[in-house]
Amino acid sequence: MAKSKFEYVRNFETDDTCLRNCYIVVRLDGRNFHKFAEQHTFTKPNDNRALGLMTRSARSVMEELEDIVIAYGQSDEFSFVFKRTSTWFKRRASKLMTHVASQFSSSYVFYWKEFFGEQPLLYPPGFDGRVVLYPSNHNLRDYLSWRQADCHINNLYNTVFWTLVQKGGLTTAQAEDRLKGTLAADKNEILFSEFDINYNTEPALHRKGTTLIWEKRDETVIKRKKLPSGEEKDVAATRSRRRVQAHHCDIIGEQFWEEHPDVLEDDN
Ligand code: DGT
Ligand code: MG
Ligand code: MG
Ligand code: MG
Ligand code: MG
């Protein structure tokens with residue numbers, strides 16, 4: 001087919017191919033969720049409906065897009081890790097990032113009702129995205145550890161803050177004042193001695209966030225089979241199925257990675 005004289009404009013596109021061998025991480029973050037949470041009366045500090053909807057949307061991203069080996073989410077953010085050998089969309093950063101962001105956003109709206117019931121979605125939410133490349137398992141694990149440490153720091157602060165307000169009768173300004181300069185140990189102590197709350201027994205979903213990985217499960221299905229004699233018989237068939245499994249556990253230490261050795265590829 002003859003090319004039009006306009007064809008040259010294609011050359012204005014810049015190359016954004018992600019470096020080979022690197023894990024490609026796409027992190028999404030809710031746009032202005034401070035306001036979104038207020039307007040949709042999210043419970044403080046954690047709204048399980050909102051967290052469930054984030055996880056449902058992330059599951060849809062993993063199921064609909066190729067090559068995501070692990071995802072980690074907390075608050076209004078989710079990180080998706082593409083396997084380092086992925087060639088999906090020729091590793092073009094903009095394609096990967098926009099597919100993740102749009103699949104996630106449409107899922108967030110699509111599944112809203114499953115989590116919020118009749119409470120209306122007041123306006124269309126948006127999510128920003130960024131792409132970061134990590135060249136080694138060590139760097140990738142440090143990235144995920146960084147997000148989980150962030151989850152812990154924020155959740156501990158928010159848990160004490162809202163306990164001081166909701167149960168201690170402090171104003172938000174007083175609670176902020178009270179927590180100024182306190183260390184983690186001080187915050188644990190306030191919860192324990194003043195409110196009888198052991199932070200370590202607070203829900204793991206809130207303390208650890210949500211990690212999604214693929215897990216193989218043997219599934220046994222009973223099928224009715226017709227025998228040559230015309231007689232029917234129930235036959236058990238076992239097949240291995242891949243499904244997205246959610247975990248709310250520590251991913252900073254070794255245990256999780258030892259228990260799931262297939263998530264990361266070898267460094268060499
Ligand atoms: P951004 O990301 O710069 O557009 O602005 P924000 O407002 O999204 O800020 P960000 O992402 O740093 O912080 C997340 C906000 O979302 C934070 O204000 C608290 C809110 N949020 C997230 N999850 C929950 C929840 O479960 N309950 C409540 N009440 N708020 C939540
Ligand atoms: Mg932000
Ligand atoms: Mg945000
Ligand atoms: Mg955020
Ligand atoms: Mg097209």
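You'll find the structure just up there.
An account of the accompanying structure is given in this report. (Residues numbered from 1 in each chain as written. Chains lettered and ligands numbered in written order. Predicted model: local features only at pLDDT ≥ 70, side-chain atom pairs only at ≥ 80, totals over all residues. Heavy atoms only, no water.)

**Description of the overall build of the chain**
Within the chain, the secondary structure is distributed over nine helices and six strands. Computed over the C-alpha atoms, the radius of gyration of the chain is 23 Å, more than 25% above the 18 Å expected from 2.2 N^0.38 for a compact globule of 268 residues. Its C-alpha atoms put the chain at 70 × 70 × 45 Å along the principal axes. Looking at the chain residue by residue over its 268 residues, the buried ones come to 39%. Taking contacts inside the chain between residues at least 6 apart in sequence as the whole, the part at least 24 apart equals 71%. By element, 50% of the accessible surface of the chain is carried by carbon and sulfur atoms, the whole surface being about 16200 Å². (Helix = DSSP H or I, 4+ residues; strand = E, 2+ residues; numbered from the N terminus. Rg over C-alpha atoms; globule rule 2.2 N^0.38 Å. Buried < 20%, exposed > 50% of the residue type's maximum accessible area, 1.4 Å probe, protein only. Contact = heavy atoms within 4.5 Å. Areas by Shrake-Rupley, 256 points an atom, 1.4 Å probe, with all protein chains shown as cover.)

**Things to note about the site of ligand 1**
Close contacts around ligand 1 come from 15 residues, with D29, N32, F33, H34 and D47 the closest. Within the backbone of T43, a nitrogen or oxygen atom sits 3.1 Å from a nitrogen atom of ligand 1. Between an oxygen atom of ligand 1 and a main-chain N or O atom of D47, the distance comes to 2.8 Å. In the complex, the protein chains occlude 64% of the 630 Å² of accessible area that ligand 1 would expose alone. Secondary-structure elements contributing two or more residues to the shell around ligand 1 are β1 (23–30) and α1 (33–39). (Near = heavy atom within 4 Å. Polar contact = N/O pair within 3.5 Å; in protein donor to acceptor, adjacent residues only side chain to side chain.)

**Notes on the pairing of β1**
Most of β1 is tucked away, with seven of its eight residues classed as buried. In terms of strand pairing, β1 meets strand β3 (residues 77–82) through six bridges, oriented antiparallel. Across the sheet, residue I24 finds its bridge partner in β3, namely F82. (Pairing = 2+ DSSP bridges.)

**What to know about the environment of W257**
Relative to the helices and strands, W257 resides in helix α9 (residues 255–259). Given the relative accessible area of 9%, W257 is considered buried. For W257 and R141, which are 116 residues apart along the polypeptide, the C-alpha to C-alpha distance reads 9.5 Å. Contacts of W257, omitting those with residues within four sequence positions, involve I70, R141, L144, I251, V263 and L264. Among the polar contacts made by the side chain of W257, one reaches the main-chain carbonyl oxygen of I251 at a distance of 2.9 Å.

**A look at the coordination of the magnesium ion (ligand 4)**
The coordination sphere of the magnesium ion (ligand 4) contains the protein donors D29 (OD) and D76 (OD), at a distance range of 2.1 to 2.2 Å. The two metals, the magnesium ion (ligand 4) and the magnesium ion (ligand 2), are separated by 4.7 Å. A residue pair is termed long-range when its members are at least 10 positions apart, and D29 in strand β1 and D76 in the loop between β2 (68–74) and β3 qualify at 47 residues. Judged by its relative accessible area of 23%, D29 falls in the partly exposed class. (Donors = N, O, S within 2.8 Å, 3.2 Å for Na, K, Ca; no water.)

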